[in-house]
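Here are the chains, one letter per residue:
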Amino acid sequence: MALSGAVRAARGRCARALRSAVPPAAGTGATRGTGDTRGTGATRGTGDTRGTGDTIFALSSAPGRCGVAVIRASGPGSGAALRSLTGTPEPPPRVMALRRIQDPQTTETLDRGLVVWFPGPRSFTGEDCAELHVHGGPAVVSGVLRALGRLPGLRPAEPGEFTRRAFAHGKLDLTAAEGLRDLIGAETEAQRRQALRQMEGDLGRLYQRWSHSLTQALAHLEAYIDFSEDDNVEEEVLTQVRVTVQALLQELRGHLRDGRRGELLRGGVRAVIAGPPNVGKSSLLNLLCRRPAAIVSPTAGTTRDVLEVALDIGGYPLVLSDTAGLRQATDPVEREGVARARARLCQADLVLAVLDATSVPPTPVALEAALAVLEPPPGTPCVLVLNKADLLGGHGGSLSATSAQGPPATLLSCGGSPSATGAQGQGPPATLLSCKTGEGLEALLELLTQQLAQLCGDPLLGSPSLTQSRHSRHLGACAAALERFGDLGDSGDLAVAAEQLRVARRELGRITGHVGAEDVLDIIFRDFCVGK
Amino acid sequence: MKLLSPSNPTGAFSRSWRLRPPARGARTREHRYRPAFPAARGAGTGGRGEAPGPPAPPLPQAPPLAPGRRSRGGAPGPAAMFLRSGCRRLPLPLAPRPGHRRAGSEVGAAAAPRYEVVVIGGGHAGTEAAAAAARGGACTLLLTHRIGTIGEMSCNPSFGGIGKGHLMREVDALDGLCGRVCDRSGVHYKVLNRCKGPAVWGLRAQIDRGLYKENMQKEILNTPLLTVREASVEDLLLTEPEPGRPGKCQVTGVVLGDGSAVRAGSVILTTGTFLRGVIHIGLETHPAGRLGDQPAIGLAHTLERLGFAVGRLKTGTPPRLAKDTIDFSGLEERAADNPPVPFSFLSEAVWIKPEDQLSCYLTRTNLKAQQIIRDNLHLNNHVRETTRGPRYCPSLESKVLRFPDREHQVWLEPEGLDSNVIYPQGMSMTLPPELQEQVIKSVPGLEKAKMLQPGYGVQYDFLDPRQLTTSLESRLVQRLFFAGQINGTTGYEEAAAQGVIAGINACRRAQGKPPFTVSRTEGYVGVLIDDLTALGTSEPYRMFTSRVEFRMALRPDNADARLTHRGFEEAGCVSQQRYEQAVKMRAALEDGIATLKSLQFSIPRWSQLLPGVPISSNRRSPVSAFDVLQYQDVNMEILAKAIPEPLGKLAQWRELAERLKIEAAYEWCVVSQQQEMEEVRRDEALQLPDDLDYFAIDASLSAEVREKLDANRPQTIGAVSRIPGVTPAAIVNLLRFVKTNHRKTEKLKAVPQSGEYFPGKMYSGKATSQRQVSAEFSEEETKFVKTPL
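Residues numbered from 1 in each chain as written. Chains lettered and ligands numbered in written order. Predicted model: local features only at pLDDT ≥ 70, side-chain atom pairs only at ≥ 80, totals over all residues. Heavy atoms only, no water.

1. A few points about the side chain of His 474 of chain A
Relative to the helices and strands, His 474 of chain A is located in helix H15 (residues 464-488). Side chain to side chain, His 474 of chain A and Glu 507 of chain A meet in a polar contact 2.8 Å long. (Helix = DSSP H or I, 4+ residues; strand = E, 2+ residues; numbered from the N terminus. Polar contact = N/O pair within 3.5 Å; in protein donor to acceptor, adjacent residues only side chain to side chain.)

So, in structure tokens, the structure goes:
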């Protein structure tokens, strides 16, 4: 019989599978003392020294802008990661080599930097390790981290994970070196909490709210499993859990679509210069890129097309677009230019609204009216640039006062999101500038840097790109588990459904902190009359 | 029923039995199973109670005490440990010196009898512990107040439930008794959570109290190597600790109520609620462990003297009702399962005919009961004191106080086939008896019910289980094990599960073998013990499936695959027959899964074979029979009909067919949890030194974390990570400290240090200390070398 042959062939494989499905008998308990635990795992790599399971990576130099940033990967996939990022074989072990570092997907060059290859066990963690020494700008670091994150089998390290692996392989003494403090600092719970605090309060509160509602849903489902038959846990509980989970899933999905910060850092913040004709928008572009990239003339409506320039401002990538002046144009070409300007404005991450300081009365109301004419897209952060400051005569003082105080609170409507609020407080920040004399440029650059930091996360605090890619990864996994929970429907195995909520809870817990069985029991006993 | 108060806390009980006539029937005061062993060498066989069983296997010998340093119960600190004054008793025979073992017969009747394992207490933990130790090959003595109360179900007349059924399956997988006994004693078998998935099925049964006791006694009294003796235990025999292990002393035996001694290789305490137990009914209190049984006070003093941290817990039991005075006609009936599912992997079926099973009935309290309870709170000490009681509702009083103005369920459960007693589950009360009667009569169906015995509350001492290792051995006193309610748990099943583990380990300890522990990734019993020993408890700990991280893998159906093999191969506590059965089942499962996986067809072909089953078309073709078996509507029977060859054979073996279905349904879940289980195991393998002084070590830890670590004394990094409030940073710093410190100890090996490393500085200033300390260090060092990394 042909079948029996196939059965025999499959048997060995499946026998192993079964044994891994039930916890292995050996290698646990008392007998552990003598065995190499690395050998017991089902996920074991091909060689002991390469390491097991996932390959993790993290920025291991101090976060923030610096000359050289060190990104480290550990685990069986480190070699492959190094190969795909450099496009060349690994350099000889423990020898620094200069390599072009590229995004393996787009083959776009991210940086040129030094790479080192440490095959296990002679490495920091005892596993295969790779180090990339790149330039310390946030865009570069973020780009490399993102490229690593897209490789199969690689993921950002969890807090303390490098050190744990090092310990697991008996390598911890090496980490007694100076770098350990930073490493632990970057990886620790405190840092994670700090990172959470650094996010706008809204986001932190949002995550906490999700955490509570998910924990509650899980607790109620657990109560239904553990108690319903003996105690008064009614079936309505299940319906409520489904409603909660569905709502949570919607929110998560929406959030994941919006959470573009990491993307901004990588692709550059798209800033659009907008304003009425002949206020000096193109001059501003030229001033910022320090070359006559755009044609400037005293004639209103000189700029017709959209002109793009890539800039680095305060270490952040910025793609600046100069657009046609916004007005009711009659000329068909200019009309097309205005339409393009409007389209570009709608896609902007940041709007630089330029007004003629001499033509705007120095009152908040007037400023508001002038800005409203431009119809900046709601919710997009905005910087108000009052150009031609050199032409201001006697009333320049009062305008300065206005810009220093910030425009009226009503202007908030233009930038409704909290990230749009500048350092000055309520409305979009404003600054006086003279493109002609260059006066006020420094203030503008500082303002822009602040705005970019808000948009991209501030590299001086924590390690935003890493934190955020971790966050979106965990939120994504959380949403996926909630989705599977929904797919199971009413008729399915409740233990499996609860498992999905547990997975979701665990993923969210990686951001908001662990929630243990006792916390779940607290809710069960609070919400249900169960007991002896 | 008359409440007994302790007439004489100094052991009147063991004296009084000697005055009584010999026991009726087979239940002798001392019972020893006498298998056809080779003639016993050793001490004489005649003396009542003084006869050890078969030849006592070698006992690990403790270093003899110098004359005058006789250990009379220890106390914290070296000075108090060797009390010379204040002894209440006569000096005891000295511990025999090493090498004098064979002199046992010369010492003869004068010497105290010696067992490898002595178990104190004959409850659910004690019986399992004693039987497990004996199964493991230890010559074991079970000491109980009364042989007649062995196997007593002192509270609810049921076993199992959600989570608890899992524990029973695991006890059974380790060849424990309660599952088997329940299969011969139940009157109503029901699997709870049937519709919620096999991972959370709760095997449960109403048990006939009388039958259970009878069958349990039969088991216990017929266990080879196990001797049962009636006596109260008043004290422990202690001596200097074995070096290289934590503990300020070690136990070498027990002192009975009559002052005689029994020597032991290890001792298991399973005294339940008897440690300073106090019963509360209304405003009355009576010292008692259980209604009618006296508490153990001498032992409580001993444990206190030794410095054990003791806590106080409360529990309760409902009143009992006369069945023939209850009107069941208007109540909701819950019938038993047909066919009943047995608890034990060894049982083909349970003893009772399905149609002979009794039913349970459901009724509910109403506002009248609430009114009575509220009006009389001033008469209710037990509940009034429960200001910071357990989070759940242990009594009807707490239910109506915390969840007012609603009905509360009361299950009327039969206590036995021929019993006229009904147990109203959900009605635990501590009101004065006449008010309890009023509450009862306010409940539909119970208007005329006669109360046979009032409900009561029990307050009792428990030992902070964080003082135990995961083998349930005490860190304070070597060779002393604790199991059951004394560790802060509630429930027969929780007690039985600890009993088995303590029994196995006491046996292994006496025989000089390494401990046998169950990981969180292997069983509910592992979760139970890890939670207790790492986190402690502030309310009676009960098993819930929600406590278990790997619920998908730790199911009632596969407890044998998880534990029986280890139980046989490592612990030696599993019979050959059970082992062979488990091996056979595992092979059949592996075979079956392989067969199912090898049967691969395209999706259209499957649609032909199984027209009623919608196979998801986004699966990659071909699809194996194992994948198809995951579908809710598919089982082995359906598959076998479609593909009789080769599946017909598999489907015929019903148990196998069911298990294959479950394996298929959970495969993806279990596989996706594999890595996480691996992580937990790795963390559990990272052992911490037992004697770390967390307040003294030079590691970057916050005071709060130090306090937590000191209170919980985690054994492994895995346990550390489960202590709430210990941050990853603290874990890393701790790891670093331990690792660096290990390097230091290596260097220190040649130069022994004073005992700065040890809490309490027990060894400072002693002549022997240097050597002991250095031994401790080198032992520790070896341990770390062996630690799998």
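2. Topic: the packing of helix H16 (residues 576-598) of chain B against helix H21 (residues 654-685) of chain B
Residues and elements named next belong to chain B. Direction vectors running N to C along H16 and H21 enclose 60 degrees, while the axes themselves pass 10 Å from each other. As far as their axial angle goes, H21 and H16 are oblique. Of the two possible hands of crossing, H16 and H21 adopt the one that is right-handed. For the pair H16 and H21, the contacting residues are Met 585, Ala 588, Leu 589, Gly 592, Ile 593, Leu 596 and Lys 597 in the first and Glu 655, Leu 656, Arg 659, Leu 660, Glu 663 and Glu 667 in the second. Here the residues of the contact of H16 with H21 sort into seven nonpolar, one polar and five charged. (Axes fitted to C-alpha atoms, helices over the stretch in contact; angles between N-to-C directions. Parallel < 35°, antiparallel > 145°, perpendicular 65-115°, else oblique. Left-handed = near helix turned anticlockwise from the far one by under 90°. Contact = heavy atoms within 4.5 Å. Nonpolar A, V, L, I, M, F, W, Y, C, P; charged D, E, K, R; others polar.)

3. A word on the environment of Phe 568 of chain B
Residues and elements named next belong to chain B. Among the structural elements, Phe 568 can be located in helix H15 (residues 559-571). Judged by its relative accessible area of 23%, Phe 568 is partly exposed. Considering only alpha carbons, one finds Phe 568 and Ala 296, 272 residues apart in sequence, at a separation of 35 Å. Phe 568 has contacts with Val 574, Ser 575, Gln 576 and Tyr 579, leaving out every residue within four places of it along the chain. (Buried < 20%, exposed > 50% of the residue type's maximum accessible area, 1.4 Å probe, protein only.)

4. What about the packing of aromatic side chains?
The final tally for this structure, using the stated rule, is 10 aromatic pairs over all chains. Consider the rings of Phe 308 of chain B and Phe 482 of chain B, whose centres lie 5.4 Å apart with planes at 70 degrees: the pair is edge-to-face. Here Phe 308 of chain B, found in the loop between helix H8 (298-305) and strand E13 (310-317), pairs with Phe 482 of chain B, found in strand E22 (residues 480-482); they are 174 residues apart in sequence, far enough to count as distant. For the pair formed by Phe 308 of chain B and Phe 482 of chain B, the shared burial category is buried. The ring of Phe 124 of chain A carries the charged tip of Arg 72 of chain A above its face, separated from the ring centre by 4.3 Å. If you follow Arg 605 of chain B out to its NZ or CZ, it ends over the ring of Phe 601 of chain B, 5.6 Å from the centre. (Phe/Tyr/Trp six-rings, centres within 6.5 Å; stacked < 30°, edge-to-face > 60°. Lys NZ or Arg CZ within 6 Å of the ring centre and 35° of its normal.)

5. Points about the pairing of strand E5 (residues 186-192) of chain B
Residues and elements named next belong to chain B. Most of E5 is tucked away, with seven of its seven residues classed as buried. Sheet analysis places E5 next to strand E6 (residues 202-207), joined by six bridges and oriented antiparallel. If you follow Gly 186 over to E6, its bridge partner there is Ile 207. (Pairing = 2+ DSSP bridges.)

These figures come from the coordinates and say nothing about function on their own.
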